[in-house]
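# Structural features, examined
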Amino acid sequence: MSNYLWQMNLEYFKELNQYCTKNKIKLVAVSKTKPKENIEVLYSLGQRVFGENKVQELVEKHELLAKDIEWHFIGHLQKNKVKYIAPFVSLIHSVDSIKLLKEINKQAKKNNKIINCFLQAKIAKEETKFGLSFIEIENILSSEEFAALKNIKIVGFMGMATFTDNEQQLEKEFSSLKSFFDQQKQQTETANCKLQTLSMGMSGDYKLAIENGSTMIRIGSSIFGSR
Ligand SMILES: *Cc1c(COP(=O)(O)O)cnc(C)c1O
């Protein structure tokens, strides 16, 4: 058994899980850097959706763990690594270019499946966060290149807010993405784009994210302990 297990906050998980069920929020348990034993504990409590941000780690965990786990990829994805996760990944949160989308489409086709994706919007002030501007998202969704991709489906957007305690700043970022999401949801419904889910909020900011329209939260450290 791993010595990480003592760090887990199962009471917190149970309450959060109940809250999410009641409010129809999807909970992604972010298990990055944590060993498989920790994932098994949450699995035994009914959690099936887990998020990882490194390809190799995700591939290893997928091999070791129950096959009915829904694996979400939430980190920056390099094109040359898409092929390793395409056979089993359920959802990719972090698509930030048409080139990446084309590669996901190609690998999905090879695996005879359709891969659900979110476009990652850049809402944070920080330079380091990946993601697309709202204009870039509009341009992708209205392009012919995009329309030709039959083996992917854009089912939502993901955003990461600035790392700050400033609630006004966080609200501004979350609500701007929510407005953009609502607008695009009305405008854009095509064979490979049906916007349903807005993935916003992590351990430190998920309450504000939900108040501002999030329907999927990605929670790591407050369930699994610090990394
Ligand atoms: C690590 C990570 C999370 C979870 O962060 P916590 O603060 O530990 O809850 C959520 N989303 C993404 C994209 C991450 O990389």
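Residues numbered from 1 in each chain as written. Predicted model: local features only at pLDDT ≥ 70, side-chain atom pairs only at ≥ 80, totals over all residues. Heavy atoms only, no water.

## Quick word on the site of the ligand
Our working rule: Nearness of a residue to a molecule or strand requires only that one of the residue's heavy atoms be within 4 Å of it. In the analysis that follows, any N or O atom pair within 3.5 Å is treated as a polar contact, provided that within protein one partner can donate a hydrogen and the other can accept it, and provided that, for residues neighboring in sequence, both atoms belong to side chains. Every accessible area reported is derived by Shrake-Rupley at a probe size of 1.4 Å, with residue values counting cover from the shown protein chains alone. Side-chain classes are defined by residue name, with Ala, Val, Leu, Ile, Met, Phe, Trp, Tyr, Cys and Pro counting as nonpolar, Asp, Glu, Lys and Arg as charged, and the others, Gly among them, as polar.
The full set of residues close to the ligand is Val30, Lys32, Ile74, Met160, Met202, Ser203, Arg218, Ile219, Gly220, Ser221 and Arg227. Taking Arg227, its side chain carries an N or O atom lying 2.7 Å from an oxygen atom of the ligand. For the ligand, whose accessible area on its own is 380 Å², the fraction buried by protein is 91%. Grouping the amino acids of the shell around the ligand by side-chain chemistry returns 5 nonpolar, 3 polar and 3 charged.

## Some points on helix α2 (residues 36–44)
Think of an α-helix as turning once every 3.6 residues; residues three or four places apart then point the same way. To keep it simple, the criterion reads: Exposure classes here rest on a 1.4 Å probe applied to the protein chains alone. A residue is buried below 20% of its type maximum, exposed above 50%, and partly exposed in between. Where helices and strands are cited, they refer to DSSP runs of H or I of at least four residues and of E of at least two residues respectively, numbered from the N terminus. Note on definitions: a residue-residue contact is assigned when non-hydrogen atoms from the two residues lie within 4.5 Å.
Those residues of α2 that fall on the buried side of the exposure criterion are Glu37, Asn38, Ile39 and Leu42. Buried positions along α2 lie against α1 (10–22), β1 (26–30), β2 (49–52), α3 (55–64), β3 (70–73) and α10 (221–224).

## Some thoughts on the environment of Ala108
Relative to the helices and strands, Ala108 is located in helix α5 (residues 98–110). Of the residues examined, Ala108 reaches a relative accessible area of 0% and is grouped as buried. Each C-alpha atom of the pair Ala108 and Gly201 lies 28 Å from the other, and the pair is 93 residues apart in sequence. In this view, Ala108 contacts Lys113, Ile115 and Asn151; residues no more than four positions away in its chain are not counted.

## Details of the pattern of salt bridges
The criterion, for reference: We count a salt bridge whenever a side-chain nitrogen from Lys or Arg sits within 4 Å of a carboxyl oxygen from Asp or Glu.
Within this structure, the stated rule accounts for 9 salt bridges. In this structure, the salt-bridge partner of Glu57 is Lys61, at a minimum N-O distance of 2.8 Å. Residue Glu57 and its partner Lys61 are both found in helix α3; the two are separated by 4 residues, about one turn of the helix. Residues Glu57 and Lys61 agree in their burial class; the two are buried. Residues Lys102 and Glu145 are paired through a salt bridge, measuring 2.6 Å at the closest nitrogen-oxygen approach.

## Examining the packing of aromatic side chains
The condition is simple: Here a pair means two rings of Phe, Tyr or Trp (six-membered ring of Trp) with centres within 6.5 Å. Their orientation is stacked below 30 degrees between planes, edge-to-face above 60, and tilted elsewhere.
Counting across every chain of the model gives 4 aromatic pairs. Their ring planes at 20° and their centres at 5.6 Å tell us that Phe157 and Phe180 sit as a pair that is stacked. Residue Phe157 is located in strand β6 (residues 152–160), and its partner Phe180 is located in helix α8 (residues 167–187); the two are separated by 23 residues in the primary sequence. Owing to a relative accessible area of 0%, Phe157 belongs among the buried residues under this scheme. Of the residues examined, Phe180 reaches a relative accessible area of 4% and is grouped as buried. Between the aromatic rings of Phe157 and Phe181, the centroid separation amounts to 5.8 Å while the plane-to-plane angle is 80°, which identifies the pairing as edge-to-face.

## Side note on the packing of helix α6 (residues 134–141) against α8
Quick reminder of the rule: As a rule, the C-alpha atoms of each element are fitted with a line to give its axis, helices using only the stretch in contact, and angles between N-to-C directions run from 0 to 180 degrees. If an angle is under 35 degrees, it is roughly parallel; if it is over 145, roughly antiparallel; if it lies from 65 to 115, roughly perpendicular; otherwise it is oblique. Handedness of a helix crossing follows the sense of rotation of the near helix relative to the far helix, less than a right angle counterclockwise being left-handed and clockwise being right-handed.
The interhelical angle for the contact between α6 and α8, taken along N-to-C directions, is 15°, at an axis separation of 12 Å. One finds that α6 runs roughly parallel with respect to α8. For α6 against α8, the interelement crossing comes out right-handed. For the pair α6 and α8, contact is made by Phe134, Ile137, Glu138 and Leu141 and by Ser176, Leu177, Phe180, Gln183, Gln184 and Gln187, respectively.

## Here's the deal with the pairing of β3
The following threshold applies: At least two DSSP bridges between two strands are needed for those strands to be called paired.
Relative to β3, β2 runs parallel, the two sharing 4 bridges. Its bridge partner being in β3, Phe50 is matched across the sheet by Trp71. Across 2 bridges, the pairing between β3 and strand β4 (residues 91–95) is parallel. In the sheet register, Phe73 faces β4, and the bridge partner there is Ile92.

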